Amino acid sequence: MGFEGVAWREATLGRSVSVRGPGLHTGRAARVTLAPAPAGHGIRFAVRCAGTSAEVPAGTADWVASRMSTALAIGDGRKLRTIEHLMAGLAASHIDNAAVTVEGTEIPILDGSAARWCALIDAAGRVPQARPRQVLRIRSAFQVDGMHGFLRAEPAEAFEVDVSTDRLPGFGVLRWSGPIDPGTFRAEIAPSRSFGNASLIWRTLLKTRLARTLLPAPIRDRLWARSFESQTVRADSVAPTVARPECRHPICPETQGRMHPRDREPLLRGARPGRVAILLGGRVLGGARFPDEPVRHKILDLVGDLALAGRPILGRIVANCPTHALTFAFLTELVRHPECWEVVTLADPGVPDRPAICTDGGGIGTT
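A full pass over the atoms with the stated rule returns 21 salt bridges. The closest approach of N and O atoms between D145 and R248, which form a salt bridge, is 3.1 Å. In this pair, D145 sits in strand β12 (residues 142-145) while R248 sits in the loop between α6 (217-229) and α7 (253-259), placing the two residues 103 residues apart along the sequence. Residue D145 is classed as partly exposed on the basis of its relative accessible area of 25%. For R296, the salt bridge is made with E188, and the minimal N-O distance between the two is 2.6 Å. Of this pair, R296 sits in helix α8 (residues 293-306) while E188 sits in helix α3 (residues 182-189), and the two are 108 residues apart along the sequence. Residue R296 is classed as buried on the basis of its relative accessible area, which comes to 9%. One network of salt bridges, with partners in common, ties together R152, E154, D162, R175, R244, E246 and R316.

So, in structure tokens, the structure goes:
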């Protein structure tokens, strides 16, 4: 794809590519077309559904709360859901400008990972453009805390992550750290899949009227107990990432009010084997793609959500148990603290002794 030596310039796709498939939550099919766009365009979604259309940029201003996914508001109370895997593929591929047309209201889940999105981007090709890239450089550590975890950005010379999770029953502590560049993302992160806990599904089924009709109470009780035994957290030598209270910034009430959806919306209607990884008792049914696949998928989601900053981030992201809502709060609160970041224009590496040029144009979620 020609990633090396051109990352200081913006880039778009070489040609249009399309894919069709069902959504994870609605179960409804949609077609997505990725097309080239001019420099400075950013990633913009044109949504066509039910005889109406809307166009929305991928940015924090249009980010709306959605259960177990990342969504953009497209008007009239509607959402474009589950954009995170596509956004992660574009961001990690250094695609700055693309016109994305969606015939539907949810991005297809495909196999639950970003691997097919990366394959589509590779098939389209990457075309460098004349405009230098602007990046969001972290100047000082900034952290927000959630109910079960935290998310922090620290100064660094590249985009790196260090992410852990210690709330997956049966798995102990899982942790992955390293740079996020096109090659590493494709090999180490993109193939990881969305996951669901089979024990929770099992307990839900045991509470149904059909289960109460077909299964005697003693059998239901034994199955209920086994669903908890399968979730025993094992001891592990891996330690989770550590929060830094001195870097913590509170989440304002307005942001808290936008973190969680208040409306009823479809949930997991399109979840099937082959579209998600099913976790049970510290195992992935059918086999895992990586021993620590769940935390790698946490990183995939995180990369996609951070792409809604509107510019690549130059810094190190440290997190434990990140969620879509927590990442939304992180970006929303970060924009309120410009002393912690700056927008810089990358310089041509072929020009010796030329530093990056600081700019004051634009901020988070803008292009």
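Turning to the pairing of strand β11 (residues 134-138), a few remarks are in order. Among the 5 residues in β11, 4 count as buried, and that is most of the element. In the sheet, β11 pairs with strand β21 (residues 341-345) via 5 bridges, with the strands oriented antiparallel. For L136, the partnering residue across the bridge sits in β21 and is V343. Where β11 lies against strand β19 (residues 313-314), 2 bridges are found, and the strand directions are parallel. Among the inter-strand pairings, R137 is bridged to a residue of β19, identified as L314.

What follows concerns the nonpolar core. Judged by nonpolar contacts, the single largest core of 79 residues is most densely connected at F45, I180 and F185. The dominant element in this core, judged by the number of residues it contributes, is helix α9 (residues 324-334), at 7 residues. For I180, the residues in contact, after removing those within four places along its chain, are A92, F159, E160, V161, F185, I189, I299 and V303. Among the nonpolar cores identified, the runner-up in size contains 6 residues, and L24, A198, V276 and L280 belong to it.

Rules used in this analysis
- Residues numbered from 1 in each chain as written.
- Predicted model: local features only at pLDDT ≥ 70, side-chain atom pairs only at ≥ 80, totals over all residues.
- Heavy atoms only, no water.
- Salt bridge = Lys/Arg side-chain N within 4 Å of Asp/Glu carboxyl O.
- Helix = DSSP H or I, 4+ residues; strand = E, 2+ residues; numbered from the N terminus.
- Buried < 20%, exposed > 50% of the residue type's maximum accessible area, 1.4 Å probe, protein only.
- Pairing = 2+ DSSP bridges.
- Core = buried A, V, L, I, M, F, W, Y, C linked by side-chain atoms within 4.5 Å.
- Contact = heavy atoms within 4.5 Å.

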